[in-house]
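Secondary and tertiary structure notes
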Amino acid sequence: APAAAAPGGDPLLAPVPSGEAAAPTAAAAPMPRSETPESENAYREAFGLLKGGQYEQAIAGFTAYLKNYPNGQYADNAQFWIGESYYVLRKFEPAISQYQKLITNYPDSQKQPQALLKIANSFAFLGRKDQATQILNQLKQKYPDSTAARLADESLARLRGDQAN
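Here goes a summary of the coordinates provided. (Residues numbered from 1 in each chain as written. Predicted model: local features only at pLDDT ≥ 70, side-chain atom pairs only at ≥ 80, totals over all residues. Heavy atoms only, no water.)

This structure, assessed with the given rule, holds 11 aromatic pairs. Over the aromatic face of Phe125 sits the side chain of Arg90, whose NZ or CZ is 4.9 Å from the ring centroid. Sitting above the plane of the Phe80 ring, Lys111 keeps its charged end 5.0 Å from the centroid. (Phe/Tyr/Trp six-rings, centres within 6.5 Å; stacked < 30°, edge-to-face > 60°. Lys NZ or Arg CZ within 6 Å of the ring centre and 35° of its normal.)

Written as structure tokens, this is what we have:
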């Protein structure tokens, strides 16, 4: 099956494929997650709120999407954007919790490296540098070729600089 393109061509709405490398036969099997016009509209509406800077409303919209469409094609993206909304609001404890839900509930999500980076940065903002360092090292080990791993190096250097002062 061809890769599902995001309606309207918005790359942030692109569905996140589940782990293609899981098993050789998995490529022929249909994806268990699916989208309906209603669920897609719910996701798009929440995403529009996010893009418009209405983060509290976006959190509510993505939370409703996950409640109503737990197997939706955009479920992992919705979970990530809830964390991201809290992060932008500088509510780091709930951001960590939401990013951790992504890591636990969507192990094949392409958003995993970014979620780990944001968890580490949230710990750093909270002054929990040891936890931040641990997560950043975990990220680099698990996703060494990711953009997030390169950004982890910068964060680690900042943390080392902070600790030197």
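Still to come is the rest of the account.
Glancing now at the environment of Thr36. Structurally, Thr36 is set in the segment before helix H1 (37-51). By relative accessible area, which is 35% here, Thr36 ends up partly exposed. (Helix = DSSP H or I, 4+ residues; strand = E, 2+ residues; numbered from the N terminus. Buried < 20%, exposed > 50% of the residue type's maximum accessible area, 1.4 Å probe, protein only.)

Before going further, it helps to examine the environment of Ala115. Mapped onto the fold, Ala115 is located in helix H5 (residues 112-125). For Ala115, a relative accessible area of 0% translates into the label buried. Measuring from C-alpha to C-alpha, the distance between Ala115 and Ile96 comes to 8.6 Å, with 19 residues separating the pair along the chain. Among all residues touching Ala115, those that are not within four sequence positions of it are Phe80, Tyr99, Leu102 and Ile103. (Contact = heavy atoms within 4.5 Å.)

Looking now at the pattern of salt bridges. Tallied over the full model, the rule gives five salt bridges. Its salt-bridge partner being Glu40, residue Arg44 comes within 3.7 Å of it at the nearest N-O pair. Of the two residues, Arg44 and Glu40 both sit in helix H1, four residues apart, roughly one turn of that helix. Taking relative accessible area as the criterion, Glu40 reaches 19% and is therefore assigned buried. For Glu93, the salt bridge goes to Arg128, with nearest N and O atoms at 2.9 Å. Note that Glu93 is positioned in helix H4 (residues 92-105) and Arg128 in the loop between H5 and helix H6 (129-142), a separation of 35 residues in sequence. On the accessibility criterion, Glu93 (44% relative accessible area) is partly exposed. (Salt bridge = Lys/Arg side-chain N within 4 Å of Asp/Glu carboxyl O.)

All right, on to the packing of H1 against helix H2 (residues 55-68) then. The contact between H1 and H2 brings their axes to 7 Å, and the two run at 160°. Considering the angle they form, H1 stands roughly antiparallel to H2. When the axes of H1 and H2 are compared, the crossing they make is left-handed. Facing Ser39, Ala42, Tyr43, Ala46, Phe47, Leu49 and Leu50 of H1, the residues of H2 in contact are Tyr55, Gln57, Ala58, Gly61, Phe62 and Tyr65. Tallied by class, the residues present in the contact of H1 with H2 amount to 10 nonpolar, three polar and no charged. (Axes fitted to C-alpha atoms, helices over the stretch in contact; angles between N-to-C directions. Parallel < 35°, antiparallel > 145°, perpendicular 65-115°, else oblique. Left-handed = near helix turned anticlockwise from the far one by under 90°. Nonpolar A, V, L, I, M, F, W, Y, C, P; charged D, E, K, R; others polar.)

Spatial relationships are all this shows, so hold off on functional conclusions.
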